[in-house]
Each structure stands twice: as C-alpha cells, then as structure tokens.
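In case you want the letters, here they are:
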Amino acid sequence: MGSEPHQRRSHAHAVRWSRHRHSGEHDLMTQTVSVVIDNVPIEVAFYDTNTREAQLKAIQAEESAETAVAAKDVALLAAIGLGPFADTTAGLAATTNGQYFYTVSPANLYLNNAGTAVLQDELATLARSLGVMAPTIVPDNATIKQAIETLGENVESDDGAGFVGLKQGGKVQHGIPYVTPMMKNAAGDGTWNDTAAAQDAIYEASARGWEVVLPKGYSFSNTGLILPDNTIIKGEGRLINTANRLTLGNGCLVEGIKIGGNDKAGLSDGIRIHDVADCVVRGVELDGIAYSGITLSNANGVLIEGLTARNIGDPDAPFWFATSSGMVVYAQNSSGVTIQRCPKAEQIYGSAAYFIGTGCTDFVITDSEVTDTFYRAFQVFGTGHRRIVISRNRGYRMGELNDSGSGIGCNGIYVASDSTDPSNIDIESNILENLAENGIEVLCAARIRANKIKTTGYRALSTPSNEGMFIESGSIVEDNVITSAAFIGIRSYVDGYTASSMVVRNNTVIAAVGDAINFQANGSGSTYVNSRVSGNQLVSYGGAYAIAISGTSGAAIGSSNAVNDNVAVNGAAVAIAADVRKSGNSWQW
C-alpha cells in the first residue's frame, strides 16, 4: 500500500488506513480511521502487534470492506455508550435493552442485554480512541468496523436522534420533542399544497405526545387539517386554508400561530371546534378569512384568549343575522366558553364580530375590543341562553364599513333571546362609541349595568332606531352613562303586548337629541306593569320631554308603575301617564 495513505470519501466523511514505523524491538503498524464532518477531522488510531506481512494482508483485505463503511455517517461515534456509571448496576438501571453504557472503575463498555450487562471489549476500545475513556484495550478491527456500520445505520434511521448524545446529558431526541411540517417534506412557501405533510406531522406528534411547531417565516397551504385529541400546535408560522379549516379534537391547544384564508379565495373558516371539550385557542391571529374565524357547535369548556382578527367575511356580500359566516367567533349549543383579552377584531363583515347563538350557556366575552365593522360588535340571538356575560369590552365605529346607506343592524350590542330572567344575560361595563344604530338593544330580560355609550347614529346612515339604549320587558338598566344619542337616550316601545318588571335607575343621559327617557305603549293591547324609573340624572336633551311614559292609540298605563327621585335639568318637561305613581322627582327649568 506504500507509505501514502489510501483515501476514500463519501458525502459526509473520509476513511484512511495508513502504516507507520515506530522505533523499538518490533515494527508496529498504525491503522487510522479519519472522519471529516463539516471540515472537522476526527481520527481513531488502532495498534496491531502482528508481523508486518500479516499486517499488510489485513490492511489490503480490510480496504475493500471499508468501501461500505466509508459511506456511513460516523459523526457521533463518541455517543456509543451512556455514562459514565459507577458500576454495572447503575448502568443497567439507567439504560434499556439494546443500549450501551460504560463504567470508569473498571473502565469497560457494556451492552444492556435484557437486563444483563455484557462486556464489549472491542467497542470499548473505539470509545477510548475517541476520548470517552482512557485507552487500555487493543481493538479487533472487524468488530470496530461492524460497530461503525451499525451506528451509521442507526443514526441515519428515523430514530437517529435517539443515538446522538448531548453534552448536557441524554440524547438529541430529548431536546427535540416536537415535529414540524418540514420534517415531513413540506415546502412551507404558502403556495405548494402542504396538506399531506402537515397532517403527517400532526399525526406523528399526536402519537408521540409531542407538539406540532410551525416555525416563524413559513406558510403552509392546506385544504383542511385535523388535530386528534390532546394535540398541541404552536409557533409563529402560518396556515393558509384554501378550503375547509383546522378542526380540533378534545383537549387540543392552538397557540401563537397565524391562520389565513388565502385572502378569502379559499372559502373556509379558520378553526372548527365541534362536538368536543376542553380546547384552548391562545394568541392566534386570523386574517383574510371568507367565512368565520372560529366556529363552535356542541363544544364544552373552551378558552379563547388573546385572539386577534382582521378582514373576516365578504365585503361584497356581508352576512346578516343568524348565518354563521363573517364572524370572528360564531357559537351555538356550546357551554363553558370564555373569550377574553382579545385585543383586536377589525374589519368584520358578519352580523357581529362575536355571535352567541341558540343553546349557549355559561358563556363569557370579556376584556376584548372590536373596531370598524359592517354590522355589530356583539350579538346574542336565538333561544335557551343561560348565564351569558358580556363585560368590560370596547366597541368603536360600528357600521364603519357599511356603505349600503342603511344603518340597520349596526349596534354595539344586540340581544334577541327568549330570556325572561334578567340574570340569564349580563351586559356590564362595556364602552361603546360611534355606533350607526343603537348603542345597546335588548329584546328580552337582561341586566344592563355600568356601560358607557357615546354617539349613536354614527355616519348618519338611515335607521328607524338610533337610541342610546333600546330595552324590552324584564330588563334592569342601571348605572349607565349615555352621551350624544342621535335620538332618545333610553327607550322602550311595546305594541300589542305587556312589558313588565322593567327597572331603569341611576343612569345618566347627556345631550340626547330626543327625549332622555321614553316608554311608549301603543294600542289597546299594550301596557307596562310593575316597572320603575328612578334616580336618573337627565342633562341637556333636545326632545320634548325629560321623561315620557305614555300610552297611545288606546293603550293605558296603570298605577303599578312608578317614577321616583329623578333629576332633570335644562328645559325639562315630562309626560307621565296620570295613573303612574310619582314622587321625589326634581324637574328644573
């Protein structure tokens, strides 16, 4: 072979067998495996005390076998064994069947063979040559080459990360408990259909109990993905739904990712939560979705937190009333749902940004903001509502996107339910400003407390109703502040039925264009019973009356109703039916 080293290269490394003469009583052959990984050489030297002739024959025979060995990835030979351990008992306890480990006293390498420590002299030598242990044993080259080949195959396998050691301890697979779509050959360019790759990543992560991660800067075009139960998907990457949606199983977590609808070219929702429980959607961004951002049906125990949404629904065909499209969140027959701290929902074309439909119970929307809608910010619609809370939210510029000329449906909050108990629906401490129709319209029993409403009739769109607040039977309205209503400050109107047990107290109405408070029963079958208007502060209104409680077209209002302790200033006049009890009011001219 001569004194020049014989070299053979693969894509990752080169292996060299060479001969050197050392001084002393015998000629000593040196065989060196030279591995080059990322331009960093690793050399393993083996010393043989055979005769020179035998050495040469062995080298020549081994060179042909080395052709296969050279193609294997041996970058991680130092990770042959786990350790060090004080003894074999400790090593067996820390490893599983088929894993290697080594001890320091004595310095040996062992194989865990079904709970028995089997000494591995040849592999120990290789480990010592790589600096894992102090060298004391002369290797057998055939065994070493077999170990290298086996290790290379293991590292190249799907479970290769389980053979690569970390300096901190453990294996690489312990530091990568997640799957990305790129690991399944996704393009991530937002154009190529990555449905299969992304779904494969989801299934593998679910099976292993790992997370799915969408890395920042990657977009995954898909035609619908399914999360099995208890799957976690997170990251800063983006799903582009060209059809269908991301469908969640029980106990799923979706966190931080972005979801788009291919600028609405994909007729899809963002996330579907149907017939499942205990899901969390946190910090997700929705943008450019043709239908709704998140739909819930028969869902239980859902938390939606930190959601942002922009450009939801079709501006050329804005959706109206009970359709499920164009909403940030649309829900029906769902319970135990909390939507909180959602900082922005803007450019929304559905009948409401947040829609609570039929059969929803124990449903809370709080500390969230809606701006620039075609229609409403918040809507409760249908039957069977129990314990609905809409609190501490902000709504600005309802109807901003509406160029139809009609402002009907552009409320801040709209409730049309069969509730006869005001404790079923609680609307509290919301701030609503610049509303094309009413600030709050409630067509059932509800509690409406401590809200601030400013400027209804925004953009002067045509609407028959742009009061600060419109209420019906069973409502309790207290401690609200209404400023600059385009018509009446607080209004009730009944036609053909009886409204009962309405309470309007301790509210402040400032600068209403019409009356400050107006209750009107129209027709012989219409009236109010057991209702109270008390303790309200009525300032600077432009209508004929500070308070008007009257019947028209044959309607009569009886003595079960009362008007007490109100204060009206700036040109006050009242029109209160004769039988209504009155006391303690201060009418100032």
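Conventions and cut-offs
- Residues numbered from 1 in each chain as written.
- Predicted model: local features only at pLDDT ≥ 70, side-chain atom pairs only at ≥ 80, totals over all residues.
- Heavy atoms only, no water.
- Salt bridge = Lys/Arg side-chain N within 4 Å of Asp/Glu carboxyl O.
- Helix = DSSP H or I, 4+ residues; strand = E, 2+ residues; numbered from the N terminus.
- Buried < 20%, exposed > 50% of the residue type's maximum accessible area, 1.4 Å probe, protein only.
- pLDDT = per-residue confidence, 0-100.
- Contact = heavy atoms within 4.5 Å.
- Core = buried A, V, L, I, M, F, W, Y, C linked by side-chain atoms within 4.5 Å.
- Pairing = 2+ DSSP bridges.

1. Some thoughts on the pattern of salt bridges
Any two side chains of opposite charge can pair, on the condition that their charged atoms come close.
Logical step 1: Summed over all chains, the structure comprises 21 salt bridges.
Logical step 2: Of the charged contacts in the structure, one is a salt bridge between Lys234 and Glu211, with a shortest N-O distance of 3.6 Å. Of the two residues, Lys234 is situated in strand β14 (residues 232–235) and Glu211 in strand β11 (residues 211–214); the sequence distance between them amounts to 23 residues.
Logical step 3: Relative accessible area serves as the criterion here: at 24%, Lys234 is assigned to the partly exposed category.
Logical step 4: Where Asp403 meets Arg459, a salt bridge forms, and the shortest distance between an N and an O atom there is 3.0 Å. Of this pair, Asp403 sits in the loop between β33 (394–398) and β34 (413–416) while Arg459 sits in the loop between β39 (452–456) and β40 (469–471), placing them 56 residues apart in sequence.
Logical step 5: Its relative accessible area of 33% is what places Arg459 among the partly exposed residues.
Logical step 6: Connected through salt bridges with shared partners, the residues Glu211, Lys234, Glu255, Arg282, Glu305 and Arg341 form a single ionic network.

2. Here we look at the environment of Ile408
Logical step 1: With respect to the helices and strands, Ile408 occurs in the loop between β33 and β34.
Logical step 2: Taking the relative accessible area as the measure of exposure, Ile408 reaches 40% and is therefore partly exposed.
Logical step 3: Taking the C-alpha atoms as reference points, Ile408 and Thr463, separated by 55 residues in sequence, lie 5.3 Å from one another.

3. So, the confidence of the model for the chain
Logical step 1: Looking at the chain as a whole, the pLDDT averages 83, with 75% of positions reaching at least 70.
Logical step 2: Counting interchain partners and residues more than four positions distant, the pLDDT-below-50 stretch residues 1–52 has 123 contacts.
Logical step 3: The low-confidence segment residues 64–79 (pLDDT under 50) makes 45 contacts with residues lying over four places distant or belonging to another chain.

4. Let's talk about the nonpolar core
Logical step 1: Among the nonpolar cores identified, the biggest contains 99 residues, and Leu246, Leu248, Ile273, Ile294, Leu296 and Tyr354 are the most heavily contacted of them.
Logical step 2: Per element, the largest residue contribution to this core is five residues, and it comes from helix α6 (residues 195–208).
Logical step 3: Filtering out sequence-adjacent residues up to four positions away, Leu248 remains in contact with Leu227, Val254, Ile271, Arg272, Ile273, Val276, Cys279 and Val281.
Logical step 4: Tyr375, Leu401, Cys410 and Ala436 belong to the second largest nonpolar core, which has seven residues in total.

5. A closer look at the pairing of strand β32 (residues 386–391)
Logical step 1: Both strand β29 (residues 361–366) and β32 contribute to a ladder of five bridges, which runs parallel. From the neighbouring strand, Thr366 faces β32, where its bridge partner is Ser391.
Logical step 2: The pairing of β32 with strand β35 (residues 425–428) spans four bridges and is parallel. By the bridge assignment, Ile388 is partnered in β35 with Ile425.

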